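Structure at a glance
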Amino acid sequence: MPKSDQWTSKLGFILAAAGSAIGLGAIWKLPYVAGTSGGGAFFLIFLIFTIFLGLPLLLTEFTIGRKTQHEAITAYRMLAPGTPWYWIGRLGVATSFLLLSFYSVVGGWIVIYLYRSLTEGLAGRGAPEFEALFGETISSPLLAVGAHLVFMIMTILVVQGGVQKGIERFSKIMMPALFVLFLIIVIRSVTLPGAMEGVSFFLMPDFSSVTGEVILYALGQAFFSLSLGVSIMVTYSSYLKSTESLPKSAVSITGLTIFISILAGLAIFPAVFSFGLEPAEGPPLLFIVLPTVFSELPLGGLFFIAFMALLLFATLTSAFSLLEMVVASVTKNDPAKRKKAAWICGLLIFVMGIPSALSYGAMENVLIFGNTVFDGLDFLVSNVMLPLGALLIAVFAPLKIKKDELYEEMQRGSTMRRTIFNIWFVLVKYVTPVAIVLAFINMLVSDV
Ligand code: PFF
C-alpha cells in the first residue's frame, strides 16, 4: 500500500484543511439556515456545538489520520482489523459524493454570478431586481446545469494534479484575501441605515423559535462547516508529518471557521433588514443580498467581482476535499490511477447533481417528502449523514484506540497537557454521542 503524499509545509496542511472547512457552509448556508431558523438562538446553539462537539471531533479525525498515515477506509481497517468499522470510511465516501453533487450546483451559481459581474456590472439595480435576476438565472436549465458542469470540471482539474501541487498552491494566497474583502463588506453592511436590527437578529438569541428541528439543523451546520463526519480530515491529516501540533491546528481551523461565520452573518443580516428583504429567503439569500450591498459601495462593481472570485475559490477548496475523499478511496493513493479516477468520479457526481441543478427550474415541482431534490439531499446529507458519521467516529476512536496511544499521537509535535486531553476524551467519548442521539430523538419527538 503506497503511503500518502506529504504536505510540503505546515502552512500547506492548515490552509488546505481550513480551505475544506471554510466554504459555502459558513458563507452561504449558515446565514440562510439562521434566517429560516430564528437567527441569534440558532447561531448560539451552532457555536456551542462547534466548540464542544466540532473542535474535539476535528482533533479526533486528525489523530486517526496522522496515526495511520492512510486515507480513511484503510485507516479504519488498520485500527480495527477484521471488523466492519471501515464502513465509517465508506459512509464518508457516500456522503462526500452526495454532498458534492449539490454543493457543485451552488458553485455553478457563483460561476454565473462571476461571469455576470464581469460582463454586466451592478449599476442601477436594487434588491428587487437582484431577486428577480437570481430567479431568472437559476431557473434556466441550460445555465444551471452548464454552470454546475463548469464548476465540477474545475474541481476535477485540481484533484487530478495531486495533493501538494493542486491544493496547497492555491490556498496560500486566496484565503487571506477573502478575509480582507469580507471585512470591507461587513463595514459597509453594518453602517447602512437600519442595520442594527439585523445585527440584533443575528446576535441576540430569541429562544422562542427553537424547536427540535432547529437544534438538529444547528448540529448539522456545525459538522458541515468544519467538514466533519465524512473522514475528510482523516484523509487530509494522513498526508501530515509527525512534527505538527494537531491540537493547535484543530483550534486554529475551528477559530477561523467561527470567525468567518460571524463575518458572514454580519455582512448579510444588517443588509437584509436595511433593504427590507426577508431573512427567511432560503438558499438564494446570499445571491440577492450581496450584490445589493455591493451596489451601495463606491467601486462596488469591482469589489463584487473580487468577492465572487474569492468565494469561488473558497468553494473550490471545499469541493476539492470532497472529490479528493472519493478519489483517494478509489485509488488507495496509487498515483497512476488518480487522473482517471478524478474524471470518472467527478463526472458521475456531476450527473448525480443534475436534478439538484434543476430544482429551481424544470424540476421545482418534483418533491420528495415535500422538499425539492436540492433541499431533500441537503437535509439528508447535513442533518442525517454528517451527524451519523460524526457519531460513529466519536464512538470508534475511544473504543478502538488505546487511551495512551491517543494521547501519545496528540502529543507528537505539541505539548498538550493531560488535563486538556482528559477533557477532550470526555467530550468525545460521552458528550458527543449523547448529544447527537438526543438531537435525533428530540427532532423525531418534537416533529410528531
Ligand atoms: N465545510 C465545507 C463548507 O462549509 O463549505 C463543506 C464540506 C466540505 C462539508 C467537506 C463536509 C465535507 F466533508
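Here the structure is shown first, and the text comes after it.
Scope of this entry: the structure provided in the associated data block. (Residues numbered from 1 in each chain as written. Predicted model: local features only at pLDDT ≥ 70, side-chain atom pairs only at ≥ 80, totals over all residues.)

**Structural notes on the overall build of the protein**
To keep things clear, this is the line we draw: The way it works is that DSSP assigns letters per residue, a run of H or I at least four long becomes a helix, a run of E at least two long becomes a strand, and they are numbered from the N terminus. We compute the radius of gyration over the C-alpha atoms and compare it with the globule rule, which gives 2.2 Å times the number of residues raised to the power 0.38. Here a residue counts as buried when 20 or more other C-beta atoms sit within 10 Å of its C-beta, as exposed when there are 12 or fewer, and as partly exposed otherwise, the C-beta atoms being derived from the backbone. We call two residues in contact whenever the C-beta atoms placed from their backbones are within 7 Å.
In terms of regular secondary structure, the protein is built from 18 helices and 2 strands. Radius of gyration (C-alpha) of the protein: 21 Å, near the 22 Å computed for a compact globule of 448 residues. Out of the 448 residues in the protein, the part that is buried amounts to 54%. Taking contacts inside the protein between residues at least 6 apart in sequence as the whole, the part at least 24 apart equals 87%.

**Digging into the nonpolar core**
Quick note on the threshold: For our purposes the nonpolar core covers buried Ala, Val, Leu, Ile, Met, Phe, Trp, Tyr and Cys residues that link as a set through C-beta atoms within 7 Å.
If you look at the biggest cluster of nonpolar residues, it comprises 152 residues, and the most contacted ones within it are L58, A218, V289 and L323. What L323 contacts, discounting residues up to four positions off in sequence, is L100, T155, I156, V159, A342, C345 and G346.

**Comments concerning helix α14 (residues 300-331)**
Counted only if it meets this: Given the number of residues in a helix, its expected span is that number minus one, multiplied by 1.5 Å.
Here α14 is 32 residues long and its end C-alpha atoms lie 45 Å apart, about the 46 Å a rise of 1.5 Å per residue gives. Of the residues one or two after α14, K332 is the one with positive phi, at around 50°.

**Some details on the site of the ligand**
As a reminder of what qualifies: Whether a residue is near a molecule or strand depends on its C-beta atom, placed from the backbone, lying within 6 Å of it. Residue classes follow a fixed rule: Ala, Val, Leu, Ile, Met, Phe, Trp, Tyr, Cys and Pro count as nonpolar, while Asp, Glu, Lys and Arg count as charged, and any other residue, Gly among them, counts as polar.
Near the ligand lie 16 residues; those nearest to it are G23, G25, S227, V230 and S318. For the shell around the ligand, the class distribution of residues is 8 nonpolar, 8 polar and no charged.

**Concerning the environment of G161**
Within the element layout of this structure, G161 appears in the loop between α7 (141-160) and α8 (163-190). Taking the C-beta count within 10 Å as the criterion, G161 has 16 such neighbours and is therefore assigned partly exposed. It is 36 Å that separates the C-alpha atoms of G161 and F52, two residues lying 109 residues apart in sequence.

**A few points about unusual backbone geometry**
The phi dihedral of Q69 falls on the positive side, at around 60°, and the residue is not glycine. You can see Q69 is positioned in the loop between α3 (40-68) and α4 (72-79). Even without a glycine there, the phi angle at S231 is positive, about 70°.

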